[in-house]
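Each chain, letter by letter, is given below.
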Amino acid sequence: MFKNLLKHSLRALNRQKGYVLINIVGLSIGIACSLIILLFILHQLSYDQFYENKDRIYRVILSGKIGGQELDVSSTASPIGPTMYNEFPEVEDYTRFNVWSETIIKYNDKHFIEKAFLEVDSSFFNIFSIKLLEGNKKEVLNAPHKLVLSESAKKKMFGREDAINKLLYVGTDTIPYTVTGIMEDIPETSHFNANVLGSFMTNHRANDDHWTSNSFDTYLLLNKGSDPDQVNERIPDLIYKYVGPEIEQYLGISLDEFFSQGNRYTYYLQSLTDIHLDNSIQHDLKPTSDPKYLLIFGSIALLIIVIAAINFMNLSTAQASTRAKEVGIKKVSGSPRSTLISQFLTESILLSFFSLLIAIFIIELSLPYFNSLLETKLHIDYLNNWYTIPSLLILSIFVGLLAGSYPSFYLSSFKPIGVLKGKIGSSMKNGKLRSVLVVLQFAISIILIVGTMIMFRQIKFMLNKELGFNKEQLMVISQAETVGNRVNAFKNAVLNIPGVENITASTAAPGHNNNNNAYMMEGRAEETFLLNTNWVDYDFFDTYDIKLSSGRFFNETYSTDSSACIVNKSAVKGFNLDDPLTTRFISPSDDGEIIYLPVIGVAEDFHHESLHSKITPYMFKFKDETNNWGYISIRLANSASKNTIKEIEKVWKEFTSNVPLQYFFMDQDFDRMYKEEKQNARLSVIFAIIAILIATLGLFGLTSFTVQQRTKEIGIRRALGASVSNIFYLITKETLILVTISTLIAWPLIYLVAKNWLQNYHYRINLSAFDFAFGFAIAIVIAITTISYRTLKAAGVNPSDSLRYE
């Protein structure tokens, strides 16, 4: 029976080549796009899933509110891991991460720039199931100045040479590190990356017992069966026991008094598998993904499949009259309705299967482009994963059933007598469901068009917004500590290079904050104030072109400036400073000494983080040569050339004994902050175009069948004097009405979605009527363009030819 069903279905498809071609093109493109989106979503969901202990690994998160500022960061105090290990029976082990920025590793006379260097405790390999290829996991990181290299790092530094027991110099450390192990490359789907692991015991703060200095990521491995909620319940007692005394020492108030002021300070556990899709936590590891985008793209995948299925339904029902006689004859011959339904469903599943084969071909061709765009490694493993081919077949059957269900029941419902007498309506006017489906198609298309426009406008706004400093022509050198105490000499040498306008040294740079410190204030001893802190020299404000609101900048003629500070307007407003220039902040010290920081100036607000975040209180403190870590920023003239960079590099190597120069340009660095948005906007454009293409394919096919069925009507109207424009208006009028209805449905939906999405940005565009009107205009143009060719061709046919048409 199945063999006969298949045979009849293939014959039926062969008789409808035009209809089959349009459907296969639409379905194959739709399936290909949906599968690519599904691959991307599954890739994001797969992060950290490969770790053997993934259900027992937790990251400790600091959650606080200090001076009115909310704080959720992965940075924790050095002693929290060891203390929880010793005092909490649920904790089996712990490891700490110290994330380095780019660093230089030296082997003999070779220098290597390493972007993924982590200091970790020796228990790292006990917690994270990264295979150690050489070395003993209990010993490779159990003492200071030991290193474990990844396979790729080993190959880069040593080639085929044996690396074990070789000596390497890291950063500015004068004591060599010993290579004690080689590990496999950490998979791409890990939330952290590391090509080189250094022993945490090397860090001078490894045994630090300060609980209010939070600089390291801490991971816990819980015992099997342990409940993380029980650990969270124990944490408040830990805070009172260890953090409380330090609060009292530094602030002069008890922890209860600190909390009574509206402050909050606690830790909680975050599951390893939740890390990658939680963008609410500040951290220094790989960028996280916003789960909202997964929801958006998942919806787009579904909508594209729906559009392709709607095409199938529309075209199937539109050509009902061409198959009505077949249905009538089969019913008269005794075929039950169930047999007809089975045949029509088999046809749709066959079409879906053929479309799947073409979709796979499209995917293999386009995946390199998407991998390049997303900077990832999406692929379909057809043979090594047993579930891949069955899943694709199930998808094919699902799409076939989705697309073919209504047409199957619709076509099989025809009454034999009515069909054989030719009483089947086939014009577009009689197809109410087809009209509804066209409305749905264009509503989806308009949502994608308007949504993509809004996304691009927001990105353009972020890239072009005035930042409060001049990011253009600003070259920033990282690893300033490499110059040591000769920063001023280096600055003077660089200033002599043609094309260099100014130069400054600082511990932080916009987009690269590294100190968020708590201060007190004279006269308001019971309050705590949290400010991002940057130590800068005299030239910082001129180099960055940051404007002054009141007071003055640091000046060499004032010796007291070394203990003064400058704050931004957000600090003045946020802390309600009526007369900021008479304000003195108080900086806590380990020995209990009170350090006063008088405010000598107020700087205009500038964006020291991305536009996702509100500008927060910021403090500038004076930086002398002994405080030599951080960044060196160089203001280049517009006339600067590549030769200027080469001269700067030459001077750098003279001061650093040929250490490679690591630098970035501030404008490009700020653009990098919106990389995810730009990637997603490009994806949205691609998928919006594809959705519109599929919709127009269906509309073209539907118009073709409509024109075909109304050929005699068009001939009569032309014979009675109707012009080509009259005929064109007659046929396009209904489409224009449907697109207008689609627009009225799409507008409120996209308004709600866009408004919700824009809430992710503190600084954002306002939705404008132009966005919505433009989406409507694009849809109208696409619809008219799509149907014009077939409509004008039909209207231009000689009436006598049309009247002879059967």
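Residues numbered from 1 in each chain as written. Predicted model: local features only at pLDDT ≥ 70, side-chain atom pairs only at ≥ 80, totals over all residues. Heavy atoms only, no water.

## A short note on the overall build of the protein
To keep it simple, the criterion reads: Runs of H or I in DSSP of at least four residues are treated as helices and runs of E of at least two as strands, each being numbered from the N terminus. Categorising residues by exposure relies on relative accessible area from a 1.4 Å probe, with only protein chains included: less than 20% of the type maximum marks a residue as buried, more than 50% marks it as exposed, and the intermediate range marks it as partly exposed. By definition, residues are in contact when any of their heavy atoms lie within 4.5 Å. Exposure was quantified through the Shrake-Rupley algorithm and a 1.4 Å probe, taking into account, for residues, occlusion by the shown protein chains and nothing else.
Summing up its helical and strand segments, the protein has 23 helices and 25 strands in all. Within the protein, the fraction of its 806 residues that count as buried is 52%. Nonlocal contacts in the protein, meaning residues at least 24 apart in sequence, comprise 80% of its contacts between residues at least 6 apart. Accessible area for the protein stands at about 36,200 Å²; split by element, carbon and sulfur atoms hold 56% of it.

## Some points on the packing of helix H3 (residues 80-87) against helix H6 (residues 228-251)
Keep this limit in mind: With axes taken as lines fitted to C-alpha atoms, and helix axes fitted only over the stretch in contact, angles between N-to-C directions fall between 0 and 180 degrees. The sense of a crossing depends on the near helix, which, turned anticlockwise from the far helix by less than a right angle, makes the crossing left-handed and, turned clockwise, makes it right-handed. Polar here means any residue outside two lists: the nonpolar Ala, Val, Leu, Ile, Met, Phe, Trp, Tyr, Cys and Pro, and the charged Asp, Glu, Lys and Arg; Gly therefore counts as polar.
Here H3 crosses H6 at 115°, and the two axes come no closer than 12 Å. In the crossing of H3 with H6, the sense of the turn from one axis to the other is right-handed. Taken together, the residues of H6 that come into contact with H3 (itself represented by Ile80, Thr83, Met84 and Glu87) are Val231, Ile235, Leu238, Lys241 and Tyr242. Taken together, the residues that form the contact of H3 with H6 break down as six nonpolar, one polar and two charged.

## Some points on the pattern of salt bridges
To be explicit about the condition: By convention in these notes, a salt bridge is any Lys or Arg side-chain nitrogen within 4 Å of a carboxyl oxygen on Asp or Glu.
Scanning the model with the defined rule gives 20 salt bridges in all. Among the ionic pairs, Lys241 bridges to Glu87, the shortest N-O distance being 3.4 Å. Of this pair, Lys241 sits in helix H6 while Glu87 sits in helix H3, and the two are 154 residues apart along the sequence. For Lys241, a relative accessible area of 48% translates into the label partly exposed. Residue Lys491 pairs with Asp537 through a salt bridge whose shortest N-O separation is 2.7 Å. Taken together, the residues span a long stretch of sequence, with Lys491 in helix H14 (residues 487-495) and Asp537 in the loop between strand E18 (529-536) and helix H15 (540-544) at a distance of 46 residues. Exposure remark for Lys491: the relative accessible area of 6% places this residue in the buried category. Judged by its relative accessible area of 7%, Asp537 is buried. Among the ionic contacts, a cluster of salt bridges with common partners joins Lys491, Asp537 and Asp539.

## Focus: the environment of Ser75
Within the secondary structure, Ser75 sits in the loop between strand E2 (69-73) and strand E3 (76-77). Sequence-wise, Ser75 and Asn214 are 139 residues apart; in three dimensions their C-alpha atoms are separated by 5.3 Å. Look past the residues within four positions of Ser75 in its chain and what remains in contact with it is Leu62, Asn214, Ser215, Phe216 and Asp217.

## Some words on the confidence of the model for the protein
Applied cut-off: Confidence of the predictor in every single residue is expressed as pLDDT, which spans 0 to 100.
Looking at the protein, pLDDT values average 85 and 89% of them are 70 or higher. Across residues 425-430, where pLDDT falls below 50, the model places 14 contacts with residues more than four positions away in sequence or in other chains.

## Notes on the pairing of strand E5 (residues 103-107)
Basically, it comes down to this: We treat two strands as partners when DSSP finds at least two bridges between them.
Among the five residues that make up E5, four are buried, leaving the element largely enclosed by the rest of the structure. Taken together, the five bridges between E5 and strand E6 (residues 110-114) define a ladder with antiparallel strand orientation. Looking at E6, one finds that Thr103 is bridged to Glu114. Connecting the antiparallel pair E5 and E6 is a turn made up of two residues, with Asn108 showing a positive phi of about 55°. Where E5 lies against strand E10 (residues 167-170), two bridges are found, and the strand directions are antiparallel. Paired with Lys106 across the bridge in E10 is Tyr169.

## Considerations on the packing of aromatic side chains
The description of an aromatic ring pair uses the distance of the two centres, along with the angle that the planes make with each other. Keep this limit in mind: Pairs were defined over the aromatic rings of Phe, Tyr and Trp, the Trp ring being its six-membered one, requiring ring centres within 6.5 Å. Orientation was assigned from the angle between planes: stacked under 30 degrees, edge-to-face over 60, tilted for the rest.
As enumerated under the stated definition, the model contains 51 aromatic pairs in all. Summarising the aromatic geometry, the rings of Phe353 and Phe354 are spaced 6.2 Å apart at their centres and angled 55° between planes, so their arrangement reads as tilted. Take Phe353: its relative accessible area is 31%, and that puts it in the partly exposed class. Assessed through its relative accessible area of 33%, Phe354 is described here as partly exposed. With centroids separated by 4.5 Å and ring planes inclined at 25°, the aromatic side chains of Phe540 and Tyr544 adopt a geometry described as stacked.

## Quick notes on the packing of H14 against helix H17 (residues 642-656)
Rules: Roughly parallel covers angles under 35 degrees, roughly antiparallel covers those over 145, roughly perpendicular covers 65 to 115, and oblique covers all other angles.
Axis separation between H14 and H17 bottoms out at 10 Å; the angle between their running directions is 155°. Viewed along their axes, H14 and H17 adopt a mutual orientation that is roughly antiparallel. Helix-helix and strand crossings are classified by hand; for H14 and H17 the assignment is right-handed. Across from Ala489, Phe490, Ala493 and Val494 in H14, the residues of H17 making contact are Ile648, Val651, Trp652 and Phe655.

## Considering H6
Just so we agree on the cut-off: Given a helix with a known number of residues, its expected span is that number minus one, times 1.5 Å. To obtain the bend at a residue, axes are fitted to the seven residues ending there and to the seven starting there, and the angle between these axes is taken.
The terminal C-alpha atoms of H6, which comprises 24 residues, lie 32 Å apart, in line with the 34 Å expected from a rise of 1.5 Å per residue. Approximately 45° is the largest bend angle found in H6, and it occurs at Val243, with the proline Pro245 only one to four residues beyond. Buried within H6 are the following residues: Pro228, Val231, Ile235, Leu238, Ile239, Val243, Gly244, Glu246, Ile247, Tyr250 and Leu251. Turning to H6, the residues buried within the fold contact strand E1 (57-66), H3, strand E13 (214-222), helix H7 (255-260), strand E14 (264-271) and strand E17 (516-521). At the exit of H6 stands Gly252, carrying a positive phi of roughly 75°.

## Some details on the side chain of Lys623
Keep this limit in mind: When charges are counted, neither His nor the chain ends are considered; positive counts come from Lys and Arg and negative counts from Asp and Glu. As used in this structure description, the phrase polar contact means that two N or O atoms lie within 3.5 Å; if the pair is within protein, one of them must be able to donate a hydrogen and the other to accept it, and residues adjacent in sequence are counted only when both atoms belong to side chains.
Here Lys623 lies in the loop between strand E23 (618-622) and strand E24 (631-636). Among buried Asp, Glu, Lys and Arg side chains, Lys623 stands out as unpaired, with Asp537 the closest opposite charge at 6.0 Å. Within the structure, the side chain of Lys623 is placed 2.8 Å from the backbone oxygen of Asn627, a separation counted as a polar contact. The residues contacting Lys623, other than those within four sequence positions of it, are Ala505, Ser506, Thr507, Trp535, Val536, Asp537, Asn628 and Trp629.

## Observations concerning the nonpolar core
Counted only if it meets this: Joining through side-chain atoms within 4.5 Å is the link that ties buried Ala, Val, Leu, Ile, Met, Phe, Trp, Tyr and Cys residues into a set, and such a set is a nonpolar core.
One finds Phe541, Tyr544, Ile546, Phe620, Met666 and Phe687 to be the most contacted residues of the largest nonpolar core, which totals 103 residues. Tallying contributions element by element places helix H13 (residues 432-464) first for this core, with 13 residues. When sequence neighbours within four positions are dropped, the list of residues in contact with Met666 reads Phe469, Lys471, Leu474, Val476, Ala509, Pro510 and Tyr544. Core analysis: the next-biggest nonpolar cluster, separate from the first, contains 32 residues, Ile66, Val91, Trp211 and Phe258 among them.

## Side note on a negative patch on the surface
Note the following rule: Patch membership needs two things, relative accessible area over 30% and no salt bridge, and members are linked within 9 Å if like-charged or within 5 Å if nonpolar (Val, Leu, Ile, Met, Phe, Trp, Tyr). The atom standing in for a charge is NZ when the residue is Lys, CZ when it is Arg, CG when it is Asp and CD when it is Glu.
Taken together, the side chains of Glu248, Asp256, Glu257 and Glu526 define an acidic patch exposed on the protein surface. Tracing the backbone shows Asp256 in helix H7. According to the relative accessible area criterion, Asp256 is partly exposed, its value standing at 47%.

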